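Below, each chain spelled out in residue letters.
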Amino acid sequence: MSAHAGVTVPRHYAGRVGAMTNASVLVVDDEPMVLEVLARYLAAEGYVVSTAADGEEALERFAEAEPDLVVLDLMLPKIDGYEVFRLIRERASTPVIMLTARGDETDRIVGLDLGADDYVTKPFSPREVVARIRAVLRRTGVEEDRGPIRHGDLEIDGERREVRLRGEPVRLTRKEFDLLHHLASRPGVAYTRTQLLEDVWDFAWDGDSSTVTVHVRRLREKIEEDASAPRHIVTVWGVGYRFEP
């Protein structure tokens, strides 16, 4: 365990049961909250996560974990991110997504010219970073595109963000789609409303968990044959919800 500014950050997070990948990611940042949030999101998606808070620690973790991808802050103590990137590239061709608080286009161009695979500027949405990680890993062949999710007459296409029921399109709002895709990606896994808020509405969501209940009700009305006796989106009493194929 490592504590930074009152935040306890585990070195490694275990993914949830039913997660879809075993790819490993090293997250390097000197801000404890960034480490905490990104590690939590990545673990929820099934990634094996290591963290480091400075350049020296990053190189140590890289040698130990041999990650499939590195999320690397450029403004680091001890050894800056550019030098860490150079040393990583001397050892391996591991994909690197650069992360910085700077919005200067010059920094972005320099990072990409050095060979970074992607670049994210703070402040950022954790879900956006996870999506970029997934895209880079897919592009580099570490994580394959699994295509649409199909459960009986229900088809959910994450790439096209489309849902079809018995071949007919179903119109969903953005959050309805995100919630359905998240549940259907891990059939049989029970989620609390708080977990769903954190996973679908972002980690920092500070709203009422009843919004999950409302979205579940609307989804059932759109995809279930009988919304009062749902087949797919099932209530787990005392817990929350799970998706049944």
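Residue numbers restart at each chain and count upward from 1, following the sequence in its written direction. Where local features are concerned, this predicted model is filtered to residues with pLDDT of at least 70; where side-chain atom pairs are given and counted, the filter is 80 or more; whole-chain, interface and lining totals use all residues. Where side-chain values are given, they derive from all heavy atoms of the structure, hydrogens and water being excluded.

> Looking at this structure, I do not really get the overall build of the chain. What am I missing?
The helix and strand labels rest on DSSP assignments: H or I over at least four residues marks a helix, E over at least two residues marks a strand, and numbering proceeds from the N terminus. Within the chain, the secondary structure is distributed over 8 helices and 14 strands. Three exposure classes are used, based on accessible area relative to the maximum for each residue type with a 1.4 Å probe and protein chains only: buried under 20%, partly exposed in between, and exposed over 50%. By the burial criterion, 48% of the 245 residues in the chain qualify as buried. Pairs at least 24 residues apart make up 59% of the contacts formed inside the chain by residues separated by at least 6 positions. All accessible areas in this document rest on Shrake-Rupley with a 1.4 Å probe, and a residue is counted as covered only by the protein chains that are shown. When the accessible surface of the chain is split by element, carbon and sulfur atoms take 48% of a total near 12000 Å². The contact criterion used is simple: two residues touch if any of their non-hydrogen atoms lie within 4.5 Å.

> Is there a simple way to explain the sheet that holds strand 6 (residues 96-100) in this structure?
Within a beta sheet, neighbouring strands are joined by backbone hydrogen bonds and run either parallel or antiparallel to one another. Read across the sheet, 5 strands follow the order 4-3-5-6-7 without closing on themselves; strand pairing throughout is parallel. The sheet is open, and its two borders are formed by strand 4 (48-52) and strand 7 (118-121), each paired with just one other strand. In this sheet, neighbouring strand axes are inclined to one another by 15° on average, regardless of whether the strands run parallel or antiparallel. Pairing between two strands requires that DSSP report at least two bridges joining them. Where strand 3 (residues 24-28) meets strand 4, 5 bridges bridge the pair, whose relative direction is parallel. Residue Leu26 lies in a different strand from strand 4, and its bridge partner there is Ser50. To get an axis, fit a line to the C-alpha atoms, keeping to the stretch in contact for a helix; angles then go from 0 to 180 degrees between the N-to-C directions. Sheet strands in contact with helix 1 (residues 32-44) are strand 3, strand 4, strand 5 (69-73) and strand 6, and its direction is about 170° off that of strand 4. Strands in contact with helix 3 (residues 81-91) are strand 5 and strand 6; relative to strand 5, the strand with the most contacts, it is inclined by about 160°.

> When you look at the environment of Thr94 in this model, what are you seeing that I'm missing?
Mapped onto the fold, Thr94 is located in the loop between helix 3 and strand 6. Separated by 32 residues in the primary sequence, Thr94 and Phe62 have C-alpha atoms spaced 9.9 Å apart.

> Is there a simple way to think about the sheet that holds strand 9 (residues 154-157) in this case?
Strand order in this open sheet of 4 strands is 8-9-10-11, and the pairing throughout is antiparallel. Edge strands, defined here as strands with exactly one partner in the open sheet, are strand 8 (149-151) and strand 11 (168-170). This sheet shows a mean twist of 25° between the axes of neighbouring strands, independent of strand direction. In this structure, strand 9 lies alongside strand 10 (residues 162-165), joined through 4 bridges in antiparallel fashion. Bridge pairing links Ile156 to Val163 in strand 10.

> Can you help me understand the pattern of salt bridges in this one?
Side chains bearing opposite charge may pair, as long as their charged atoms lie close to each other. Each reported salt bridge corresponds to a side-chain nitrogen of Lys or Arg within 4 Å of a carboxyl oxygen of Asp or Glu. Taken as a whole, this structure holds 17 salt bridges when the rule is applied. Two residues, Glu57 and Arg61, come together in a salt bridge whose shortest N-O distance is 3.3 Å. With Glu57 and Arg61 both in helix 2 (residues 55-65), this residue pair falls 4 residues apart, about one helical turn. For the pair Glu57 and Arg61, a shared accessibility class is recorded, and that class is buried. With its nearest N and O atoms 3.2 Å apart, the salt bridge here joins Arg89 to Asp117. Residue Arg89 is found in helix 3, and its partner Asp117 is found in the loop between helix 4 (105-114) and strand 7; the two are separated by 28 residues along the sequence.

> I'm lost on the pairing of strand 13 (residues 233-236) in this one. Help?
Working note: regular strand, side chains alternate between the two faces of the sheet. With 4 bridges joining them, strand 13 and strand 14 (residues 240-243) adopt antiparallel strand pairing. In the strand pairing of strand 14, Ile233 is matched with Phe243. What sits between strand 13 and strand 14 in their antiparallel hairpin is a turn of 3 residues, with Gly238 showing a positive phi close to 80°.

> It is not clear to me how the environment of Val37 should be interpreted in this structure. Could you clarify?
By the secondary structure assignment, Val37 is in helix 1. Look at Val37 and you get buried, because its relative accessible area is 11%. The sequence separation of Val37 and Arg127 amounts to 90 residues, and the corresponding C-alpha distance is 9.9 Å.

> So what exactly am I meant to see when it comes to the packing of helix 2 against helix 3 here?
Running from amino to carboxyl end, helix 2 crosses helix 3 at an angle of 20°, the nearest separation of the two axes being 10 Å. Accordingly, the angle class assigned to the pair helix 2 and helix 3 is roughly parallel. Handedness of the crossing formed by helix 2 with helix 3: right-handed. Between helix 2, through Gly55, Ala58, Leu59, Phe62 and Ala63, and helix 3, the contact on the second element is made entirely by Val84, Leu87, Ile88 and Arg91. Ten residues, namely Ala, Val, Leu, Ile, Met, Phe, Trp, Tyr, Cys and Pro, are considered nonpolar, four, namely Asp, Glu, Lys and Arg, are considered charged, and the remaining ones, Gly among them, are considered polar. Partitioned by chemical class, the residues of the contact of helix 2 with helix 3 number 7 nonpolar, 1 polar and 1 charged. In this scheme, roughly parallel covers angles under 35 degrees and roughly antiparallel covers those over 145, while 65 to 115 is roughly perpendicular and the rest are oblique. The crossing is said to be left-handed when, going from far helix to near helix, the turn is anticlockwise and less than a right angle, and right-handed when the turn is clockwise.

Worth remembering: the numbers are spatial, not functional.
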